[in-house]
Amino acid sequence: YQFMDDLMGYFTFSQGYRNGSTNGIIDCSEIPAPNPNVVCGTPDQLLYQPDTTDNYELGIRSQWLDQSMTLNAALFYIQWNDVQVATTSFSGGFPIVVNGKSAESSGVEIDFNWQITDNLLMRSGYSFTAAKLAEEAPLLADGNARKGDRLPGSPEHQGSLFFDLNLPINSAVEFVGSYGFTAQSDVFTDIGTGSTCCRVEGAEALSGFTVHYLSLGLRGDQWEATLFADNLLSEEAVTGVRPNRTLIGRAGGGANYAFRRYFNYVITPRIVGLDLRYRF
């Protein structure tokens, strides 16, 4: 609905669908004496079913100060049925996917841009997401998943802030620069109790982190040279793990050697480079 030239409100409803599949493991009940090194699971872990979503969004799109400022905001709610969640097999610690029952995700998203001057632009965004189980899920968290538990893999807070500057040096050359950062709060690697992590032994809360970016360059009519730094402060951040800390240990026998099937996914360390472009 167009309230005025620079203010619009909207509502959307959509539905989503994701295929189910097989986990590629065998039924532990078919093995007389399951070996810890054999990848097997309970009968309800062999396959996982499709999951579906009903998505609702209510928002505004607006411009202010002679269209130099843009503010967009939205409230959202997602009803998620037969939710697919990553976990590990009953034996062998193999990563698999199982179906929970239902979950829900709700929150707010804000996008804000401001052309402060002809030469300086500010870009920013923020989102808050509360993703949690809507009912108990016996297949998750060793059967301990409860209504209201926080879902894994979803930070509650995410945001960004960037400044873009362009300054003419003469009639043929322009200075361009950009600085900004992105940030997010912690992420659970398995179902959490809502305030602490986690219901599964060995699961953990991955700390939030902030990543900074900087670029400085010169630009002409047909060419551009930019010195850039991604992850300017070389932030060390973990974005995921596989599978969990219980798989750090020692193997018996004469050698009695250490084994480590647990590992971290990390962000790329600082990268500094020179980008040269020419338009023919």
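Located above this text is the structure these notes cover.
Every value quoted in this text rests on a predicted model; they were computed, and no experiment measured them. (Residues numbered from 1 in each chain as written. Predicted model: local features only at pLDDT ≥ 70, side-chain atom pairs only at ≥ 80, totals over all residues. Heavy atoms only, no water.)

Asks: Now, about the overall build of the protein chain: what can you tell me, with residues and values included?
Replies: Per the secondary structure count, the protein chain includes zero helices and 23 strands. For 280 residues, the compact-globule formula gives about 19 Å, and the C-alpha radius of gyration of the protein chain, at 25 Å, lies well above that figure. Burial status across the protein chain gives 34% buried among its 280 residues. Long-range contacts, defined as pairs at least 24 residues apart, comprise 62% of the intrachain contacts of the protein chain with a sequence gap of at least 6. Counting every atom, the protein chain has about 16,400 Å² of accessible surface; 56% of that belongs to carbon and sulfur. If the 18 positive side-chain charges of the protein chain are averaged to one point and the 31 negative ones to another, these points end up 7 Å apart. (Helix = DSSP H or I, 4+ residues; strand = E, 2+ residues; numbered from the N terminus. Rg over C-alpha atoms; globule rule 2.2 N^0.38 Å. Buried < 20%, exposed > 50% of the residue type's maximum accessible area, 1.4 Å probe, protein only. Contact = heavy atoms within 4.5 Å. Areas by Shrake-Rupley, 256 points an atom, 1.4 Å probe, with all protein chains shown as cover. Lys, Arg positive; Asp, Glu negative; His and termini not counted. Charge placed at Lys NZ, Arg CZ, Asp CG, Glu CD.)

Asks: Any chance you could break down the environment of Ile26 for me, citing the residues and the numbers?
Replies: With respect to the helices, strands and loops of the structure, Ile26 is situated in strand β4 (residues 26–27). A relative accessible area of 42% means that Ile26 is categorised as partly exposed. Taking the C-alpha atoms as reference points, Ile26 and Asn231, separated by 205 residues in sequence, lie 43 Å from one another. Sequence-distant contacts of Ile26, that is, excluding residues within four places in its chain, are made with Ile31, Val38, Val39, Cys40, Gly41 and Leu46.

Asks: Please set out the state of the cysteines residue by residue, giving values where relevant.
Replies: Applying the stated criterion across every chain yields a total of two disulfides. Between the sulfur atoms of Cys197 and its disulfide partner Cys198 the distance amounts to 1.3 Å. Between Cys197 and Cys198, the S-S torsion sits near -65°, and that sign places the bridge as left-handed. Exposure remark for Cys198: the relative accessible area of 19% places this residue in the buried category. With cysteine numbering restricted to those in disulfides and following the sequence, the protein chain has the pairing 1-2, 3-4. (Disulfide = S-S within 2.5 Å.)

Asks: Describe the side chain of Asp54, listing the residues and the values that go with them.
Replies: Inspection of the secondary structure puts Asp54 in strand β7 (residues 51–64). Of the side chains bearing the opposite charge, Arg18 lies closest to the buried Asp54, which forms no salt bridge; the N-O distance is 14 Å. A distance of 2.9 Å separates the side chain of Asp54 from the side chain of Gln15, its partner in a polar contact. With residues up to four places along the chain from it excluded, the contact list for Asp54 reads Phe13, Ser14, Gln15, Tyr77, Ile78, Gln79 and Asn81. (Salt bridge = Lys/Arg side-chain N within 4 Å of Asp/Glu carboxyl O. Polar contact = N/O pair within 3.5 Å; in protein donor to acceptor, adjacent residues only side chain to side chain.)

Asks: If you had to explain the sheet that holds strand β17 (residues 209–219) to someone new, which residues and values would you point to?
Replies: Taken in spatial order, the 11 strands of this open sheet run β1-β2-β7-β8-β11-β12-β13-β14-β17-β18-β23, and their pairing is antiparallel. With partners counted over all chains shown, the strands left at the sheet margins are β1 (2–4) and β23 (271–278), one partner each. The mean angle between the axes of side-by-side strands here comes to 15°, regardless of whether they run parallel or antiparallel. Where strand β13 (residues 157–168) lies against strand β14 (residues 174–184), 11 bridges are found, and the strand directions are antiparallel. Bridge pairing links Gly159 to Ala183 in β14. (Pairing = 2+ DSSP bridges. Axes fitted to C-alpha atoms, helices over the stretch in contact; angles between N-to-C directions.)

Asks: Now, about the pairing of strand β18 (residues 223–230): what can you tell me, with residues and values included?
Replies: Here β17 pairs with β18 via seven bridges, running antiparallel. Each residue of the ladder has a partner; that of Leu216, found in β18, is Leu227. Connecting the antiparallel pair β17 and β18 is a turn made up of three residues. Sheet analysis places β18 next to β23, joined by eight bridges and oriented antiparallel. Looking at the pairing, Trp223 lines up with Tyr278 of β23.

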